Amino acid sequence: DAVGVVSAGGGRVLVARDTRPHSERLSALALDGVSHLGGAGEDFGLLTTPQLHHIVRHANGGAAGGAHVGPAAWASEGGYAEMLCTAFAALLPPDLGGGGLRAPLTVDCACGVGGPQLAPIAQRLAPLLPLELINRPGEGELNAGCGAEFVQKGRLPPRGLDTPPPTTSADSGGGGGGGGSRLCSLDGDADRVVFHYWRLCAGAVPEWRLLDGDKIAALFAAFVCDELRALEIEPALSVACVQTAYANGASGAHLRSLGVPTPLARTGVKHVHHAALRYDVSVYFEANGHGTLLFSDSAVSAIAAARQRAEASGDAGKAASAARLLAAKQLVNQAIGDAISAILLVEAILLLRGWSIERWDAMYEDLPSRQAKLGVADRAALRVNEDETRTLEPAELQREIDALAAAHSRGRAFVRPSGTEDVVRVYAEAATQQAADELARKVGQATWRLAGGVGEQP
């Protein structure tokens, strides 16, 4: 990755690479190109994509990151680790004590760059949060049978964690390694993360459970709302959880029950991030595990002022709520979705609440869903509205989708054209898996018939 930072003295370009064999040569070519164009290239070596975004943001300072961007010393790999580790420690309950209170979190690193970049952070945080890293570079092919994309799309545990743990009790904050009950998976460049675990009940077959980006968003939003409610800032800060049409309907219903608005944006992080910037405090996560928690400059100023007032008046509860929110802002990468920072905030919130992963999972139950795709002669023949939940052309297709969804309890479906190929993607959800499968199939058939489907009819 390369990002330019332009100053009066010419262009400064920061370059980093991942663990793939060709990346070192590509990085060298990029630096040569910068030099030939009269710029100043700076090689940061091995980094995750979010780490490089973080460094660029802090190298630009307040001009790009705002008044509360953080010290310039954080514009480095070591500064990134310092930012995360000090924020994580500040978030934890003061009476947590030493290590050993929580069994390790097992992290599937997708055989990618997240492994070597998480390792020094794991070593530093070991007394507070033991981490066991598996599927590191050299332990298999990148993303093959492992990683967030494999886990989330396939609804399968990654290799190395595909066997239930040899225990008969559910996670109580413990459980770990080699199929343990608190697990997560990064993607290849460590900007996405999903959690999962084996639910164990006496006398029952172990059930593997996935907590995707929707569940992470729900946890973050609940944390933020609880702390802001305790602070009683006036005027109240605007808070939202921005979702896409692919967010599970149960997730949106749960968030709205907490009083959190759930505006919809077009699919894609660039659209969701832009929509999230309209609010003082916002959460966004796509189901694939890419997302973050954002604080505006005005929100940070208001929270810091509330902390000062609370400390002056001796209100320890409000002061602690403000301190936790400010620590969360420091912990979560404000530039882009970052799997490493998301892992640490999830674990901090679970520790603060005394929750197991199973208790987190119980916030709500996902509606069964099904996704499919079908070929069309021309994807441009299908036009959808701004948030991609409704088909505008052909108009008859939306009427059929409405009728099909209404025939199923909690039925919802939409179709959207691919941005890169002549394919239409279908999403359906309903109260049962059988109903979701049937709804997806019938919506696919209607789309094939009315939008110029090619090949075999679904």
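Residues numbered from 1 in each chain as written. Predicted model: local features only at pLDDT ≥ 70, side-chain atom pairs only at ≥ 80, totals over all residues. Heavy atoms only, no water.

Colleague: Outline the overall build of the protein chain, supporting the account with residue identities and numerical values.
Modeller: The helix and strand inventory of the protein chain stands at 15 helices and 16 strands. Relative to its length of 458 residues, the protein chain is compact, with a C-alpha radius of gyration of 23 Å against a globular reference of 23 Å. Along the three orthogonal principal directions, the C-alpha set of the protein chain runs to about 65 × 60 × 50 Å. Burial statistics for the protein chain: of 458 residues in total, 51% are counted as buried. Of all intrachain contacts in the protein chain linking residues separated by at least 6 positions in sequence, the fraction that spans at least 24 positions is 66%. Surface exposure of the protein chain reaches about 19000 Å², of which carbon and sulfur atoms provide 52%. Of the charged side chains in the protein chain, 41 are positive and 51 negative; the average position of the first set lies 3 Å away from that of the second. (Helix = DSSP H or I, 4+ residues; strand = E, 2+ residues; numbered from the N terminus. Rg over C-alpha atoms; globule rule 2.2 N^0.38 Å. Buried < 20%, exposed > 50% of the residue type's maximum accessible area, 1.4 Å probe, protein only. Contact = heavy atoms within 4.5 Å. Areas by Shrake-Rupley, 256 points an atom, 1.4 Å probe, with all protein chains shown as cover. Lys, Arg positive; Asp, Glu negative; His and termini not counted. Charge placed at Lys NZ, Arg CZ, Asp CG, Glu CD.)

Colleague: For the environment of R379, give the residues involved together with the corresponding values.
Modeller: Looking at the element boundaries, R379 is found in the loop between β12 (369–375) and β13 (383–384). With 72 residues separating them in the primary sequence, R379 and A451 have C-alpha atoms 8.3 Å apart. Once residues within four sequence positions are removed from consideration, R379 is found in contact with P417, S418, G419, T420, E421, D422 and V423. Within the local environment of R379, its side chain forms a polar contact with the backbone oxygen of S418, the two atoms lying 3.1 Å apart. (Polar contact = N/O pair within 3.5 Å; in protein donor to acceptor, adjacent residues only side chain to side chain.)

Colleague: Account for the environment of Y284, naming residues and giving values.
Modeller: Structurally, the position occupied by Y284 is in strand β10 (residues 281–285). Separated by 164 residues in the primary sequence, Y284 and W448 place their C-alpha atoms 32 Å from one another. Polar contacts involving the side chain of Y284 include one to the side chain of H273, which spans 2.7 Å.

Colleague: Describe in detail the confidence of the model for the protein chain, supporting the description with residues and values.
Modeller: Summary statistics for the protein chain give a mean pLDDT of 91 and a share of 93% for residues scoring 70 or more. No element of the protein chain has a lower mean pLDDT than strand β1 (residues 2–7), at 45, and none a higher one than strand β9 (residues 239–242), at 98. This model gives residues 1–9 a pLDDT under 50, and the stretch forms 21 contacts once residues within four places in sequence are excluded. With pLDDT under 50 throughout, residues 168–180 is counted as low confidence; its partners more than four residues away or in other chains account for 38 contacts. (pLDDT = per-residue confidence, 0-100.)

Colleague: For unusual backbone geometry, give the residues involved together with the corresponding values.
Modeller: Omega for the peptide link from E234 to P235 comes to -5 degrees, which places this bond in the cis form. Along the polypeptide, P235 turns up in the loop between α7 (213–231) and β9. The linkage connecting E393 with the following residue, P394, adopts the cis geometry, with an omega of -5 degrees. Residue position: P394 is located in the loop between β14 (391–393) and α14 (395–406). Phi is positive for R155, close to 50 degrees, though the residue is something other than glycine. When you line up the elements, R155 lands in the loop between α6 (147–154) and β6 (183–186). R155 gets classed as partly exposed once you look at its relative accessible area, which sits at 41%.

Colleague: For the pattern of salt bridges, give the residues involved together with the corresponding values.
Modeller: For the coordinates displayed, the defined rule picks out 28 salt bridges. Close ionic contact of D226 with R229 constitutes a salt bridge, the shortest N to O distance being 2.9 Å. With D226 and R229 both in helix α7, this residue pair falls three residues apart, about one helical turn. For D226, a relative accessible area of 37% gives the class partly exposed. (Salt bridge = Lys/Arg side-chain N within 4 Å of Asp/Glu carboxyl O.)

Colleague: Give me the sheet that holds strand β15 (residues 412–417): which residues, what numbers.
Modeller: One open sheet holds the three strands; their spatial order is β12-β16-β15, and the pairing between them is antiparallel. Sheet topology places β12 and β15 at the edges, where each strand pairs with a single neighbour. Strand-to-strand twist in this sheet, taken as the mean axis angle between neighbours without regard to direction, amounts to 15 degrees. Bridge analysis of β15 against strand β16 (residues 423–429) gives six bridges, and the strand direction is antiparallel. Its bridge partner being in β16, A413 is matched across the sheet by A428. (Pairing = 2+ DSSP bridges. Axes fitted to C-alpha atoms, helices over the stretch in contact; angles between N-to-C directions.)

Colleague: Lay out the sheet that holds strand β7 (residues 193–199) with the relevant residues and their values.
Modeller: Read from one edge of the open sheet, five strands run β5-β4-β6-β7-β8, paired in mixed fashion. Of all strands in the sheet, those with a lone pairing partner are β5 (131–134) and β8 (207–211), marking the two edges. Put simply, the sheet's adjacent strands are angled 25 degrees from each other on average, direction ignored. Each of β4 (105–108), β5 and β6 is contacted by helix α5 (residues 114–125), which is oriented at about 160 degrees to β5, the strand it contacts most.

Colleague: Any details on the state of the cysteines? Residues and values, ideally.
Modeller: Scanning the model with the defined rule gives zero disulfides in all. The cysteine C109 is free of any disulfide, with C184 supplying the nearest cysteine sulfur at 8.0 Å. Of the cysteine sulfurs around C111, a residue in no disulfide, the closest is that of C146, at 4.2 Å. Exposure remark for C111: the relative accessible area of 4% places this residue in the buried category. (Disulfide = S-S within 2.5 Å.)

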